[in-house]
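Examining the three-dimensional arrangement
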Amino acid sequence: RAPELDRFAARAELGHASTRDGGEGSSVKAMANLPLLRDQLAMRLVVTQEKLPGWIDDPVTGSRDVNGQEVRTTRVRMRWSPSDPWLTDVSHASSTSDASGGGYAADDFDQAVTVLGTRSKWQGSSVVSSYQAGNSLFAYLYSESSVDFLVGGELLPEVGFDVGIAVHVRSHELRWSYSIADRLDWQAGYAHRLATRTDRQVVDGVPSMSQQSNRADSLYGEGTLRTLDGAWALTAGLRYFTDHLEALGTVDDTVLVTDSTFSSLNPRLVVAHQFSADHLWYASIASGFRSGQLQPITSLAAAERLGVALPLSIDPDEILSGEIGFKRLLAQRRLLIEGALFQNRWKGLPVRVPLDEANNGIANSKGALIRGAELGVRYSTLSSLSLEFGASVLDAVYVADVPGTPLAKGTRVYNVPKYTGSASVSYAWALGGLTATASVTGLYNSRRATSLTVGSSGDSLFSSSLRMGIQSPRGWALHVYGDNLGDDRGAVDGRNSFGAATRLRPRTFGIEFGFTY
């Protein structure tokens, strides 16, 4: 959140959690909003430290709850507003995560088939400065971020896996926005990004290295024009994008070099009709583009050993998306109903080419056709009662056979559930000078298919949560909660040949105490 220039504020929160058949967790969070120069300069600082309980056991060593995690974050943001038209935000954030005992992958007995530990550190800084001059707003945006990611352990039983990944991204953007009352809005800009990535890995005793750099530049413009009565609005946009890729990969005696430039021109068009202040329909069409990449060097080496032909590089893929939808307010604006129908044609979608138990290659497919529908309903009253419901159906299939893979024309896109749904109810009421709150949430998704030559699909999942608490006007608050109350431990994604898949955290109860000044 942005700092507030005119007041001091602080908040602290302590939490404790316990997972069924697992370990204990804790959390400490703190925030301070510091006005350094009233109405001109302020800083907001947030720090958190969380210990997430583990519940997965290692049958080889006999260790229990090995997948506990520790996460630490720091965020600081300064806002400077020396005058009304000029505003500058400077921010820095960092996050470290240690899951040395593995993540959320386990078999149906909550045991780790293999333990693959991860450690990561991410940090990013940004500057956003804007100046308002009449109907124009000029902005400059700068950002720089990096991540260091370490993975170590077994990819498969008796197959060692040690990887170090370092990514650095720096970007600049200049933007000009213009607005005329409720008739016309438009913006134009230029963006530049330089990204570098280095991978060093040892898979089953075989070392490899790859380096990649991407220099991307884009020019874009978009405008919205409305009729005098505000009933119709037309939005049109265009973006030109170019990306220069240089990559080098080595493993054993194999050396692969790529030097390619990709470019694309992507339009966007939206038409909206406001029947009334409470009734809107819209239709949109847009295209998207993603650059190509180097074939992972370890995949090429594995393919060569197995006599499998893989492309040296992956071509760009692009998507054309269309959508029609509506939003409608009813019952004196207490009831909101919104829905949409959409279709995406994703050309050149990259897919995995199975090589062996430890390796996959990448290849472009002819693409996928994705059709879907979404519906959302929200009801709220002045008595602090809120009800929400959402559902979607998604039909995503490949449009042609993909040679060298189990994917055939009409095969569902892997790890995409066909049906999803959510529902929640929340209520707040006065309780002896305090404010009491309660909320219940339920989430559902149908099973996800797997793309592996061996293994099986995931499971349909339903998880529910409950949160209750009391808040005092003196600033303190106490909440208790329960997550995954039904203790659903099904497979979130497709199981591999050893039965391992991502799992939901088992039933977890927790308590939080916070104080706001």
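Coordinates for the structure precede this section.
Quick caveat: nothing in here was measured; it's all calculated off a predicted structure.

Details of the pattern of salt bridges
Within the structure shown, the criterion is met by 23 salt bridges. Of the charged contacts, one joins Asp 108 and Arg 495 as a salt bridge, the two residues approaching to 3.3 Å between their closest N and O atoms. Highlighted residues: Asp 108 in the loop between β6 (105-106) and β7 (116-133) and Arg 495 in the loop between β26 (476-483) and β27 (501-502), separated in sequence by 387 residues. Between Arg 503 and Asp 108 there is a salt bridge, and its shortest N-O distance comes to 2.8 Å. Placement of the pair is Arg 503 in the loop between β27 and β28 (508-516) and Asp 108 in the loop between β6 and β7, with a sequence separation of 395 residues. With a relative accessible area of 2%, Arg 503 lands in the buried category. What makes Asp 108 partly exposed here is its relative accessible area of 49%. Among the charged side chains, a network of salt bridges with common partners joins Arg 20, Asp 21, Asp 110, Asp 487 and Arg 489.

Focus on the packing of aromatic side chains
With the rule as written, the count across this model stands at 10 aromatic pairs. Through pairs of rings, three or more aromatic residues link up here, namely Phe 138, Trp 176, Tyr 178 and Trp 186. The side chain of Arg 352 reaches across the aromatic face of Tyr 414, ending 5.4 Å from its centre.

Regarding helix α1 (residues 297-306)
In terms of burial, α1 is largely enclosed, as 7 of its 10 residues are buried. Among all positions of α1, only Ile 297, Thr 298, Ser 299, Leu 300, Ala 301, Ala 302 and Ala 303 are buried. On its buried side, α1 packs onto β10 (184-203), β11 (206-226), β12 (232-251), β13 (254-276) and β20 (360-364). Of the residues trailing α1, Gly 307 is marked for its positive phi of about 75 degrees.

Some thoughts on a nonpolar patch on the surface
On the surface, Phe 8, Leu 387, Val 425, Val 440, Leu 466, Met 468, Leu 478, Val 480, Ile 511, Phe 513, Phe 515 and Tyr 517 cluster together into a nonpolar patch covering about 1000 Å² of accessible area. For the nonpolar patch, the secondary-structure elements that each account for two or more residues are β25 (461-471), β26 and β28. Sorting elements by how many residues they give to the nonpolar patch places β28 first, with 3 residues. Relative to the helices and strands, Leu 466 is located in strand β25. Judged by relative accessible area, Leu 466 falls into the partly exposed class, the value being 32%.

Re the pairing of strand β8 (residues 136-156)
Where β7 and β8 come together, 18 bridges link them in antiparallel fashion. Across the sheet, residue Trp 122 finds its bridge partner in β8, namely Val 147. In this antiparallel pair of consecutive strands, β7 and β8, the connection spans 2 residues, and Gly 134 shows a positive phi of 65 degrees. Bridge count between β8 and strand β9 (residues 159-180): 20 bridges; the pairing is antiparallel. Bridging from a neighbouring strand, Ser 146 pairs with His 168 of β9. In this structure, the hairpin formed by β8 and β9 is closed by a connection of 2 residues, where Glu 158 is found at a positive phi of approximately 65 degrees.

A few points about unusual backbone geometry
The phi torsion at Ala 181 lies on the positive side, around 45 degrees, for a residue other than glycine. The class of Ala 181 is exposed, set by a relative accessible area of 65%. Non-glycine residue Asn 484 carries a positive phi angle of around 50 degrees. Relative to the helices and strands, Asn 484 is located in the loop between β26 and β27.

Notes on the nonpolar core
Counting 15 residues, the largest nonpolar core has Leu 256, Ile 297, Leu 300, Leu 310 and Leu 355 as its most contacted members. Broken down by element, this core gets its largest block of residues, 5 residues, from α1. Apart from the residues lying within four places of it in its own chain, the contact partners of Leu 300 are Leu 256, Gln 295, Leu 310, Pro 311 and Leu 312. Counting residues in hydrophobic clusters, the runner-up holds 10 residues, among them Ala 368, Ile 370, Tyr 398 and Tyr 414.

What counts as what
Residues numbered from 1 in each chain as written. Predicted model: local features only at pLDDT ≥ 70, side-chain atom pairs only at ≥ 80, totals over all residues. Heavy atoms only, no water. Salt bridge = Lys/Arg side-chain N within 4 Å of Asp/Glu carboxyl O. Helix = DSSP H or I, 4+ residues; strand = E, 2+ residues; numbered from the N terminus. Buried < 20%, exposed > 50% of the residue type's maximum accessible area, 1.4 Å probe, protein only. Phe/Tyr/Trp six-rings, centres within 6.5 Å; stacked < 30°, edge-to-face > 60°. Lys NZ or Arg CZ within 6 Å of the ring centre and 35° of its normal. Contact = heavy atoms within 4.5 Å. Patch = residues over 30% accessible without salt bridge, like charges linked within 9 Å, V, L, I, M, F, W, Y side chains within 5 Å. Areas by Shrake-Rupley, 256 points an atom, 1.4 Å probe, with all protein chains shown as cover. Pairing = 2+ DSSP bridges. Core = buried A, V, L, I, M, F, W, Y, C linked by side-chain atoms within 4.5 Å.

On their own, these measurements won't tell you what the molecule is for.
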